[in-house]
Amino acid sequence: MKTTKTTGLLEYRLTMGMTVMEGQGFYYPVDTTIAADGRMYVISRSRDEVARGVRVTMCTVDGEYFGNFGGFGDEDGQFVWPCCSAIDSLGRFYLTDEELHRIVVFDRSGKFLYRWGEHGSADGELDTPSGIAFDSHDDIYVADTYNNRVQKFTNNGRFLMSFSGPGEDTMSLPWGLTIDSYDNLYVADWGNDSIRKFSSDGIELACFGTAGKNDGEFCRPSSVAVDSDGYIYVADWGNERVQVLNSEGVFVEKLRGEATISSWAQNFLNINVEEASARNKADLNLQIEYVEDTPHEESSHIEKYFWSPTSVALDKNGLLYVTETNRHRIQVYARRDR
Amino acid sequence: MDNDIGLIAHLMRRAGFGANREQIGVHADGGYRDTVEALLSPGEEDRMGDHLIRRFHPELSGMMGPNAPGQNWLYRMATTSAPLREKMALFWHGIFATGYAKVIHGKALSDQTRMLRTFGMGSFKDLLIQLSKDPAMIIWLDNQDNHKGAINENFGRELLELFTMGVGNYTERDIKECARAFTGWTIANRDYMELRSQRDSDWPYGRIAWHFEYHPEDHDDGEKEFLGQRGKFNGEDIIHIICQQEATARFISRHLYSFFVSDEPPVPEWRYTSPANPEAIDQLTRVYFDSNYDISAMLRVLFNAKYFQSQDSWYSKVKSPVELVAGVLRLTGEFNRPRREIIDRYFQASYMGQFLNNPPSVEGWHQGTDWLDTGTLVERVNFASQQIGDSNKPGIREMIERISSTPDNVATPENLIRVCLEEMGVISVEEDTMKVLMDFASQGNNHPLNAKSDNRQKISEVLQMVASTKEFQRS
């Protein structure tokens, strides 16, 4: 692992993954969850018309590849629009399916266990479930996207409660969720360009950020993670960056991405010499005037930048994993002070 | 006449993708001329936003494959409040036809569509300059291989033949001189990008967007003689000269007339066949020069002309597959949120013969009745009737509610047909079509009209029948 930054809270460590429709690699990955033993579960959403790209890949941050499980379909153990994942205290892997409006549960090796969820808007029903997170009691919170709320269930799907924010200040198409060490819930309130913090009984404790691209502002945040010191990491998806806030919600740092060649990508380039040679002669950091001056456009041109940083996740050692959907890879960062 | 809803419905079919009765009524309140102005200057666009689309369809953000640009575009056509802008992008796409089969880069094609949308209703000169710098066009017509001292004529030839003037208005030498002027117009990191495109390579990290790059060292800065003018012309100078030509004005005028008013023969025949309405072409040619090549000025005159408004023109054109699909989707309101069904709807247009961003050749698609054969006609009718017949779709549900809420609407078969034709876009039908509709509405089948009971199923069936009529398949 190499270090390139000398200041700031976070330093870049490495990039892992590459674009692969099947097998060792990712295809439009949308979320990564890291088990206590370091095993990573990476959800590939794929292209809508490419069923074989849909899967969960098991690997490690060092590039060890254990294989895939799941796949496109509506049978047991299958999914159509996989979105987010979480792991309970027993190591079971839970995945949300936005198209089939349900939660699919696997054991740590990827063997299908059970599923639950019904489409609707009544208590306990779901409309496009996305973010998912467990509290210390193994109760599960689900971002119920098109119902603009979060619902809380037992881990086998028994409804406990739902909430959406105080009064009329409700969530709008919530996406990623996380739980801190005090069982507070953080919601990436995508449509409201903010991060909301709730107590375990659904009382809103704080709301961070407004729409914009300045420090501490967000554009369609998709995911949030909180470390043991209370630092809040936000996938500022529409701004194509990651922002770090302190526990009070004050801006600390922003990352634009600095990807390098992953071990899997290097294998590809070693084999495909002609492509590697042409690549070495290319300038992939060209600073140009963009037809459309947006971070999305900039990221589409400059390969090292985050492009669709959909998910942020922490492992038990505090490493930060940023899953970039459009670049089919994960950039890994670490706290410099650790 | 200014508030004639039939005429405004005609305008919305031609200058947009059609509209339901309620939407046409809103335009009618403002009058025909104001509706034309609203189409030409739509203000801030209301549509399904890019963020929402990208959230649920990552490929419509990363664009690695051949279908993403077209799906993205179809979302826009189905949901935009600025339909003429999309219609004009579609118009230019048919002329500056660029396809995935050779470009093999979805985002480059989507970027081209964005360019056509941005510049398609302004100065034709600006549009041509953007087109000449468009990375997808550069690869499509090999201008990356057009070098100082070793020209590739492809772009120069098509610029004159297919994009601006037409055969017979320039010489082979003009083509060569034109090509010389565009030497050095290429894309950045050409070798790597071209290699990846040829290999359809997504590796290692997805596609990298293309952008234009000018290489002065590869540009032939020598003197050139082009269309009778001499100078050290660069690409912009060539476009300036092209835009000054009468042939260019007539070429674009004839294209606009053919697309919006009445089908002209295929372009290769223009050299030998006079326009059906030479006065209209003369008029549009004058506007082209008077307005300094402004496309919107030409459209304004065209939409306000008698030849456009005449009832003889109504339903005289066959909707292209994309026009048909987008129009149906606007009626059904299906895409009030991103849905996986966009894949199917997009492919339906290709089954009917129009694969967006992948035209059959540099000449684009043949229009008019060429869209119809026994296979595509079945596809078209099946698609429209199936979609319109699905009363779970929000737009259809609302139509049925509106119709059923007034008892008089379902009191007789005549009333029911009249109101269904109105709801579907103020459609007027010929006698033979009316007879078929009447026979259908009068039949009991499983759902006879009954003033005392729920007629929703019958209304749905009649709406479905309207979608099957020849008038609905035309614009």
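In the block above lies the structure referred to throughout.
The structure contained in this document is the topic of the report that follows. Since the model is a prediction, treat every value here as computed from it, not as a measurement.

1. Regarding the overall build of chain A
For chain A, the helix and strand inventory stands at three helices and 24 strands. Computed over the C-alpha atoms, the radius of gyration of chain A is 19 Å, within 12% of the 20 Å expected from 2.2 N^0.38 for a compact globule of 338 residues. On the principal axes, the C-alpha backbone points of chain A span a range of 60 × 45 × 40 Å. When the 338 residues of chain A are sorted by exposure, 48% land in the buried category. Considering only contacts within chain A whose residues lie at least 6 apart along the sequence, 45% involve residues at least 24 apart.

2. What to know about the overall build of chain B
Summing up its helical and strand segments, chain B has 26 helices and four strands in all. The proportion of buried residues among the 475 residues of chain B is 52%. In chain B, of all internal contacts separated by at least 6 residues, the share reaching a separation of at least 24 is 75%.

3. A short note on the interface of chain B and chain A
Contact with chain B, which involves 25 residues of that partner, is made by 32 residues of chain A. Broken down by secondary-structure element, the contributors of at least two residues to the side of chain B that touches chain A are helix H5 (59-62) and helix H14 (190-199) of chain B.

4. Focus: the sheet that holds strand E8 (residues 102-106) of chain A
Residue and element names in this part refer to chain A. Taken in spatial order, the four strands line up as E6-E7-E8-E9 in an open sheet, and their pairing is antiparallel. Looking at the sheet topology across the chains shown, the edges are occupied by strand E6 (82-87) and strand E9 (112-116). Each strand axis lies, on average, 20° off the axis of its neighbour in the sheet, ignoring direction.

5. Comments concerning the environment of B:Ala108
Tracing the sequence through the fold places B:Ala108 in helix H9 (residues 106-119). A sequence separation of 29 residues divides B:Ala108 from B:Met137, and the C-alpha atoms of the two residues are 8.9 Å apart.

6. Topic: the pairing of strand E13 (residues 159-163) of chain A
Residue and element names in this part refer to chain A. In this sheet, E13 lies alongside strand E12 (residues 149-153) in antiparallel orientation, the contact comprising four bridges. Bridge assignment links lysine 152 to a residue of E13, and that residue is methionine 161. In this antiparallel pair of consecutive strands, E12 and E13, the connection spans five residues, and glycine 157 shows a positive phi of 100°.

7. Section: the pairing of strand E19 (residues 232-236) of chain A
All names here are of chain A. Most of E19 is tucked away: five of the five residues are buried. What you see with E19 is no split at all: Ile232, Val234 and Asp236 on one side and Tyr233 and Ala235 on the other are buried throughout. As paired strands, strand E18 (residues 223-226) and E19 are joined by four bridges and run antiparallel to one another. Across the sheet, serine 223 pairs through a bridge with alanine 235, a residue of E19. Count of turn residues in the E18/E19 antiparallel hairpin: five residues, of which glycine 230 carries a positive phi of about 90°. As judged from the five bridges shared by E19 and strand E20 (residues 241-245), these two strands associate in the antiparallel manner. The partner of isoleucine 232 across the bridge, within E20, is leucine 245. In textbook terms, the turn of a hairpin is the stretch between consecutive antiparallel strands, and for E19 and E20 this stretch comprises four residues, one of which, glutamate 240, has a positive phi near 55°.

8. As for the packing of helix H6 (residues 68-79) of chain B against helix H21 (residues 341-351) of chain B
Residue and element names in this part refer to chain B. Where H6 meets H21, the axes come as close as 10 Å, and the angle between the chain directions of the two elements is 95°. Comparing their axes, H21 and H6 come out roughly perpendicular. Residue-level inspection shows Gly70, Gln71, Leu74 and Tyr75 of H6 in contact with H21, the latter providing Ile342, Ile343, Arg345 and Tyr346. Among the residues forming the contact of H6 with H21, the class breakdown is five nonpolar, two polar and one charged.

9. Considerations on the sheet that holds strand E4 (residues 55-59) of chain A
Residues and elements named next belong to chain A. Judged by pairing direction, the sheet is antiparallel, and its four strands sit side by side in the order E2-E3-E4-E5 without closing on themselves. Edge positions in the sheet fall to strand E2 (29-34) and strand E5 (65-69), since each of these pairs with one other strand and no more. Across the sheet, the axes of successive neighbouring strands diverge by a mean angle of 20°, strand direction being ignored.

10. Looking at the nonpolar core
Within soluble globular proteins, side chains that are nonpolar tend to cluster in buried spots. Grouped together as the largest cluster of nonpolar side chains are 138 residues, with contacts concentrated most on B:Cys420, B:Leu463 and B:Val466. B:Leu463 has contacts with B:Ile388, B:Ile396, B:Met399, B:Cys420 and B:Met424, leaving out every residue within four places of it along the chain. Formed by 81 residues, the second largest nonpolar core is a distinct cluster that contains A:Leu10, A:Leu14, A:Tyr233 and A:Leu245.

11. Description of the packing of helix H10 (residues 124-132) of chain B against helix H15 (residues 235-243) of chain B
Any two packed helices are characterised by how steeply their axes cross, that is the angle between the axes, and by the distance between the axes. All names here are of chain B. As a packed pair, H10 and H15 sit with axes 10 Å apart at the nearest point and diverge in direction by 140°. Between H10 and H15 lies a crossing of right-handed hand. Residue-level contacts link Phe124, Lys125, Leu128, Ile129 and Ser132 of H10 to Gly235, Glu236, Ile239, His240, Ile242 and Cys243 of H15. Grouping the constituent residues of the contact of H10 with H15 by class yields six nonpolar, three polar and two charged.

12. Considering unusual backbone geometry
Peptide bonds are mostly trans, and most non-glycine residues show a negative phi. With an omega dihedral of 0°, the bond running from B:Trp203 to B:Pro204 counts as a cis peptide bond. Despite not being glycine, A:His101 shows a phi value in the positive range, around 55°. Structurally, A:His101 is set in the loop between strand E7 (93-97) and E8. Assessed through the 20 C-beta atoms surrounding it within 10 Å, A:His101 is described here as buried. Backbone geometry places A:Arg220, a non-glycine residue, at a positive phi of 50°. As for its placement among the helices and strands, A:Arg220 is situated in the loop between strand E17 (204-208) and E18. Accessibility expressed as a C-beta count within 10 Å gives 23 for A:Arg220, which makes it buried.

Calculation notes
- Each chain carries its own residue numbering, running from 1 in the written order of its sequence.
- Working convention: letters from A go to chains and numbers from 1 go to ligands, in the order in which they are written.
- Owing to the predicted nature of the model, reporting of local features is limited to residues with pLDDT of at least 70; listing and counting of side-chain atom pairs is limited to 80 or more, with chain, interface and lining totals taken over all residues.
- Every helix listed is a DSSP run of H or I at least four residues long, and every strand listed is a run of E at least two residues long, numbered separately from the N terminus.
- Two things to know: the radius of gyration comes from C-alpha atoms, and the globule rule equals 2.2 Å times the number of residues to the power 0.38.
- Our exposure labels follow a C-beta count within 10 Å of each residue's own C-beta, placed from the backbone: buried means 20 or more other C-beta atoms, exposed means 12 or fewer, and partly exposed covers the counts in between.
- By the convention adopted here, residues make contact when the C-beta atoms placed from their backbones lie within 7 Å.
- A pair of strands is labelled paired if DSSP reports no fewer than 2 bridges between them.
- Axis definition: a line fitted to C-alpha atoms, limited for helices to the stretch in contact. Angles are taken between N-to-C directions and run from 0 to 180 degrees.
- To sort the angles, those under 35 degrees are grouped as roughly parallel, those over 145 as roughly antiparallel, those from 65 to 115 as roughly perpendicular, and the leftovers as oblique.
- When residues are grouped by polarity, Ala, Val, Leu, Ile, Met, Phe, Trp, Tyr, Cys and Pro land in nonpolar, Asp, Glu, Lys and Arg in charged, and all others, Gly among them, in polar.
- Only buried Ala, Val, Leu, Ile, Met, Phe, Trp, Tyr and Cys residues enter a nonpolar core, and they are joined through C-beta atoms within 7 Å.
- Two helices that cross are described as forming a left-handed crossing if the nearer one is turned anticlockwise from the farther one by less than a right angle, and a right-handed crossing if clockwise.

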